[in-house]
Amino acid sequence: MFYDDLFFDVLDVFYKHLKPLSENYISLFKIRPGLILTPDNFSFIDNEEKKNRVEEYIKKFDDFNWEIGFSISTDGPVNVATREGRQLEEQHFERLFQWVLDHPANGFHSIISAANVANSIESYKWWKESYAKYLNNAEFSHLLPYWLEARNDDWDRKSITEMLKLLDYMIKDRLKDCGDDLDEFTKHIFHSPDAKLAPLEYSDLINITLDEDLHKYESAQCSLSHLTCITLNNLNLVPCHRLNYLQFRGGQFIVKDNKITGIEALNPVVYIVAKNKPEMKAPYCSHCDFKVLCKKGCCGAQYESSGELFLPIESVCILEQNMICFLVETYNNMGVLDRAKEFGLLTPTEIDAYNLILAGIKEGHYAYERL
């Protein structure tokens, strides 16, 4: 994207169309800022020429209230072997944090995979210390990256145990952040408006709350349900970035004389089903005790594992079940669930979900490996 200057060529096209629009619809552009967000490993940060050029484009777009932002894909220096595949100096990460400090429309997204989960506690410590060091004026809600587990078919008992060790460490560490006050910890975890420690803005691995509406567990929690994905090389409509397979493409834009004149259907039925299927009615999910609290699987990973888009991966199910069991049982034993109930922080749906899991654990129904 950067070393052949393709990124700048793409931005030139956006600029060509957005600049005149901003002059015709001044009020709209002032009220509603736009964002072009690019997931990238950010290797260009070590190239001063490329870095300066990106900043020039940021200023150009900022003139009409449009942001050029990046979601920086890195797992930090502890886990470079599983993402970058090469050693990176500390100065590289210093530049990354300086960039995020200078450009608020940017942030990190980090992945915990079966391949690197054994290093996850060390990685968590590095992330937290680095955020505090480089972004020391940020609120706690911004002091960890968007951090979530990869849902590929490679989790096993050993890697799942390592994940539970991470959750255990994070709970104990977060309790310290709350001054070892269980009331404050409860308010933090269950997003009380009067919590002294604001909840993390992004994915929090030790959070088991539900959104106020049912969207969180009725729809896919990724781009599949709420983004329209278009492949720019052929203008095909694909369900998501990972399902760019011929048989899942819903259609393609028809171009004549360098203008889009219509849409040709390719396989609209599977496209529409993939985008709109109710998550809790998938195979196995429909009768699963964990369906309300579970993040659900990745359709791309499921297809690549079994050839079936909607069939959950067994190893991922076991991972999610173990994480939920651990969190629910731990919070119950700590007295956190009782406090959350007392403070009025739990919905009836959440109370039913937690009670169902606790009953299942007690009766030994689940493949749950305690630490």
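What you see is a predicted model; the values in this text were computed from it and never measured. (Residues numbered from 1 in each chain as written. Predicted model: local features only at pLDDT ≥ 70, side-chain atom pairs only at ≥ 80, totals over all residues. Heavy atoms only, no water.)

Visitor: Help me get a handle on helix α10 (residues 268–276), residues and values and all.
Guide: Along α10, the residues classified as buried are Y271, A274 and K275. Taken down its axis, α10 places every buried residue within 95° of arc, on the same side. Summarising the geometry of α10, the exposed residues directed more than 90 degrees from the buried face are V269 and N276. Among the structural elements, α9 (223–226) and β6 (236–238) are those in contact with the buried residues of α10. (Buried < 20%, exposed > 50% of the residue type's maximum accessible area, 1.4 Å probe, protein only. Helix = DSSP H or I, 4+ residues; strand = E, 2+ residues; numbered from the N terminus. Arc of directions from axis to C-beta. Contact = heavy atoms within 4.5 Å.)

Visitor: Help me get a handle on the sheet that holds strand β2 (residues 66–73), residues and values and all.
Guide: Taken in spatial order, the 4 strands line up as β1-β2-β3-β4 in an open sheet, and their pairing is parallel. The open sheet has two edge strands, β1 (34–40) and β4 (146–149), and neither has a second partner. Pairwise comparison of adjacent strand axes, ignoring direction, gives a mean angle of 20° for this sheet. Running over the sheet, helix α5 (residues 120–134) touches β3 (107–112) and β4 and is turned about 170° from β3. (Pairing = 2+ DSSP bridges. Axes fitted to C-alpha atoms, helices over the stretch in contact; angles between N-to-C directions.)

Visitor: Can you explain the nonpolar core? Please cite residues and give values.
Guide: Soluble globular proteins: nonpolar side chains tend toward being buried together. Grouped together as the largest cluster of nonpolar side chains are 84 residues, with contacts concentrated most on F61, F70, F190, V328, Y331 and I357. Among residues more than four places away in sequence, those in contact with I357 are D289, F290, L293, I324, C325, V328 and Y366. Membership of the second largest hydrophobic core comes to 8 residues, among which are L224, C240, F248 and Y303. (Core = buried A, V, L, I, M, F, W, Y, C linked by side-chain atoms within 4.5 Å.)

Visitor: Residues and numbers for the confidence of the model for the protein, please.
Guide: Predicted confidence across the protein gives a mean pLDDT of 90, with 97% of residues reaching 70 or more. When mean pLDDT is taken per element in the protein, helix α13 (residues 336–342) scores highest with 97 and helix α8 (residues 215–218) scores lowest with 56. (pLDDT = per-residue confidence, 0-100.)

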